[in-house]
Amino acid sequence: MSRVFAGGGGGGGGGDWSRGQAPPPPRNERGGRGRGRGGNRRSQNQGFPEDDGDYAPLVSTANRWKPAKDTSVMVKVEKQIKGLLNKMTKEKFGKLSAQMCDIPI
């Protein structure tokens, strides 16, 4: 069964197309509506000065900021329970509820 669609339905190409053939190449019919997503950004000058590549290397310091980790027992238990609850389904209920009962509180 071979169908021929004429007139550009909804797939960007338009023209004649039949099953089993490669789709026709897309036509550029955007006119003056802009470049769409992305476009050719190389030609745009963003107003940044030219990069001369003369930068000092980054240096690690002893007093850098590090996120604090809460390693208390309650936080660990809460994380284990939330992990089990995220996995909970009807099929896994028996197995995961047993694991939840085994968590020391």
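Scroll up a little and you will see the structure.
Residues numbered from 1 in each chain as written. Predicted model: local features only at pLDDT ≥ 70, side-chain atom pairs only at ≥ 80, totals over all residues. Heavy atoms only, no water.

### Concerning the overall build of the protein
Next, step 1: Looking only at helices and strands, one finds 2 helices and 2 strands in the protein.
Next, step 2: Taking all 105 residues of the protein together, the buried fraction comes to 7%.
Next, step 3: Residue pairs at least 24 apart in sequence account for 7% of intrachain contacts in the protein once pairs closer than 6 positions are excluded.
Next, step 4: For the protein, the computed accessible surface area is about 10500 Å², with 53% contributed by carbon and sulfur atoms. (Helix = DSSP H or I, 4+ residues; strand = E, 2+ residues; numbered from the N terminus. Buried < 20%, exposed > 50% of the residue type's maximum accessible area, 1.4 Å probe, protein only. Contact = heavy atoms within 4.5 Å. Areas by Shrake-Rupley, 256 points an atom, 1.4 Å probe, with all protein chains shown as cover.)

### Describing a negative patch on the surface
Next, step 1: Judged by side-chain charge, Glu-50, Asp-51, Asp-52 and Asp-54 come together as a negatively charged surface patch.
Next, step 2: Note on placement: Asp-52 falls in the loop between strand E2 (17-18) and helix H1 (73-87). (Patch = residues over 30% accessible without salt bridge, like charges linked within 9 Å, V, L, I, M, F, W, Y side chains within 5 Å. Salt bridge = Lys/Arg side-chain N within 4 Å of Asp/Glu carboxyl O. Lys, Arg positive; Asp, Glu negative; His and termini not counted. Charge placed at Lys NZ, Arg CZ, Asp CG, Glu CD.)

### Here we look at the packing of H1 against helix H2 (residues 93-101)
Helix packing geometry: the angle between the two helix axes and the distance between the axes.
Next, step 1: Contact geometry for H1 and H2: axes closest at 10 Å, N-to-C directions at 170°. Relative to H2, the element H1 is oriented roughly antiparallel. Judged by residue contacts, Ile-81, Leu-84, Leu-85 and Lys-87 of H1 engage Leu-96, Gln-99 and Met-100 from H2.
Next, step 2: Here the residues of the contact of H1 with H2 sort into 5 nonpolar, 1 polar and 1 charged. (Axes fitted to C-alpha atoms, helices over the stretch in contact; angles between N-to-C directions. Parallel < 35°, antiparallel > 145°, perpendicular 65-115°, else oblique. Nonpolar A, V, L, I, M, F, W, Y, C, P; charged D, E, K, R; others polar.)

### Structural notes on the environment of Ile-81
Next, step 1: By the secondary structure assignment, Ile-81 is in helix H1.
Next, step 2: As a C-alpha pair, Ile-81 and Met-100 span 19 residues in sequence and 6.7 Å in three-dimensional space.
Next, step 3: Excluding residues within four positions of it along the chain, Ile-81 makes contact with Met-100 and Ile-103.

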